[in-house]
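Examining the three-dimensional arrangement
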Amino acid sequence: MDWQHSTEDDSHLELSIVLPCFNEEGNVLPVYERVSAVCREVSWEMLFVDDGSADGTAAAVEALARRDSRVHLLRFIRNAGHQQALRAGYRAARGAHVLTLDADLQHPPEIIPSVLAKAREGYDVVQMVRAGEQTGFLKNFLSRSFYKFFNSISDVPIIEQASDFRLISRRVCDVLNALPERNLIVRAILPYLGFRAANLPYAPADRLHGQSSYGFRKSLQLGSQTLFNFSAFPLKLAMRLGVLISGLAFAYGIYNVAAKFFGHRNVPGYTDLIASTLFLGGLILVYLGILGRYVLVILDHLKRRPEYVLAESVPAAATGPEDKPRVKSPASTPPDASGRPQGRQAT
Ligand code: UDP
Ligand code: MG
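Residues numbered from 1 in each chain as written. Chains lettered and ligands numbered in written order. Predicted model: local features only at pLDDT ≥ 70, side-chain atom pairs only at ≥ 80, totals over all residues. Heavy atoms only, no water.

1. A few points about the overall build of the chain
- Helices and strands together make up the secondary structure of the chain, namely 10 helices and seven strands.
- With 347 residues in all, the chain has 44% of them scored as buried.
- Accessible area for the chain stands at about 18600 Å²; split by element, carbon and sulfur atoms hold 60% of it. (Helix = DSSP H or I, 4+ residues; strand = E, 2+ residues; numbered from the N terminus. Buried < 20%, exposed > 50% of the residue type's maximum accessible area, 1.4 Å probe, protein only. Areas by Shrake-Rupley, 256 points an atom, 1.4 Å probe, with all protein chains shown as cover.)

As structure tokens, this is what we get:
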């Protein structure tokens, strides 16, 4: 269930800071202190999303919230995952900008003033990009290989070194909150939506306390979710492979028939068997590919991603039913955002 905290007056709240936490007991106080030290000039709220921690994370946040009313806790009853924690934070955030950063202090809060400065220049998304290696060689290698592969088959590229350290404007937050899609991968949907984005480099720090919970299994899960939610390539591959195999089998059959006429002797029955097996195998793949295309159409309907997001409508009242933004935003949202072609499908 969505949870929304009440604030007396949200209109002056400039910044919501969302911190997903999974067993971050030792990091809660340090991250609070470092973030609040650099945010003196702005009005802010801090939303700790406890993603089913087994340690004292929630108690540490509660203790902070008693001292400082700008601190809030959202607690999941079980571990739902980092992306879900981000989503819950976006839904509860009330500020004019929403910044997400890891609670383990790998995302240095000291760059928040430059992030806000970029946002004030008019960027809807300020994406922090790792300027150095954050993890071990193997994890980096696998992650880079994945993004290279993904970007080569997707028409909406994801920046390889982009993390979940980013700031989004209120209107982007409203558009994200209105998306009905489950298991949303924020770093992939933002380039898809196409809001104006700026990249800011940052040097990742070491985790302050505790251990990374993004092991091989979780990283693989995130990778496959990104691939299957944002690319139709694996389904389309069946069709391409099928056409190739059937085509080759057909050509092989023709070649052997021709060869026989010119006096070549083949093992009896061999050509028929191989050519027909390969041809049928290819045909099955083609039909899997065709089925896949229908599955994609169904998926596209189910996901109900916006076909476009309006940049603006002038005059606002003149929009007819067809021109209304497909993304229904909460009542407070102005009907504006960036344009998008209709009926697009993931590639
Ligand atoms: N996290 C979360 N739920 C999870 C795993 C991680 O909310 O199931 C949080 C975690 O507390 C941290 C951020 O997501 O604030 C990044 O996780 P982690 O540091 O373990 O990953 P890494 O930085 O090693 O990729
Ligand atoms: Mg980390």
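Following the structure, the description resumes.
2. What to know about a nonpolar patch on the surface
- Taken together, Phe-137, Leu-138, Phe-141, Leu-142, Phe-216 and Leu-220 make up a surface patch of nonpolar side chains, about 710 Å² in accessible area.
- Note that Phe-216 resides in helix α8 (residues 216-230).
- By relative accessible area, Phe-216 is classed as exposed at 57%. (Patch = residues over 30% accessible without salt bridge, like charges linked within 9 Å, V, L, I, M, F, W, Y side chains within 5 Å. Salt bridge = Lys/Arg side-chain N within 4 Å of Asp/Glu carboxyl O.)

3. A few points about the site of ligand 1
- Taken together, 19 residues are adjacent to ligand 1, and Glu-24, Asp-51, Asp-104, Ser-212 and Ser-213 come closest.
- Contacts to ligand 1 include Glu-24, whose side-chain N or O atom sits 2.5 Å from an oxygen atom.
- Gln-106 places a polar side-chain atom, nitrogen or oxygen, 2.8 Å from an oxygen atom of ligand 1.
- Relative to its unbound accessible area of 530 Å², ligand 1 is 95% covered by the protein chains.
- Considered class by class, the residues forming the shell around ligand 1 number five nonpolar, seven polar and seven charged. (Near = heavy atom within 4 Å. Polar contact = N/O pair within 3.5 Å; in protein donor to acceptor, adjacent residues only side chain to side chain. Nonpolar A, V, L, I, M, F, W, Y, C, P; charged D, E, K, R; others polar.)

4. Comments concerning helix α2 (residues 57-67)
- Turning to α2, its buried residues are Thr-57, Ala-58, Val-61 and Leu-64. All buried residues of α2 fall inside an arc of 125° around its axis, so they share one side. Looking at α2, the residues exposed on the side facing more than 90 degrees away from the buried face are Arg-66 and Arg-67.
- Its buried side turned inward, α2 meets β1 (15-21), α1 (25-38), β2 (44-50) and β3 (71-75). (Arc of directions from axis to C-beta. Contact = heavy atoms within 4.5 Å.)

5. Considering the packing of helix α6 (residues 170-178) against helix α7 (residues 186-193)
- Taken N-terminus to C-terminus, the directions of α6 and α7 make an angle of 110°; their axes are 12 Å apart at the nearest point. It follows that α6 is roughly perpendicular to α7 by the angle criterion. In this structure, α6 crosses over α7, and the sense of that crossing is right-handed. Note on element contacts: α7 touches α6 through Val-186, Ile-189, Leu-190 and Leu-193, opposite Val-172, Val-175 and Leu-176.
- Among the residues making up the contact of α6 with α7, the classes are represented as seven nonpolar, no polar and no charged. (Axes fitted to C-alpha atoms, helices over the stretch in contact; angles between N-to-C directions. Parallel < 35°, antiparallel > 145°, perpendicular 65-115°, else oblique. Left-handed = near helix turned anticlockwise from the far one by under 90°.)

6. Some details on the sheet that holds β2
- What the seven strands build is an open sheet, ordered β3-β2-β1-β4-β6-β5-β7; its pairing is mixed. Only two strands of the sheet have a single partner each, and these edge strands are β3 and β7 (197-202). For this sheet, the mean inter-axis angle between neighbouring strands, taken without regard to orientation, is 20°.
- Across four bridges, strand β4 (residues 97-100) lies against strand β6 (residues 162-169) in antiparallel orientation. Paired with Leu-99 across the two strands is Leu-167, which belongs to β6.
- Sheet strands in contact with α7 are β5 (125-130) and β6, and its direction is about 50° off that of β6. (Pairing = 2+ DSSP bridges.)

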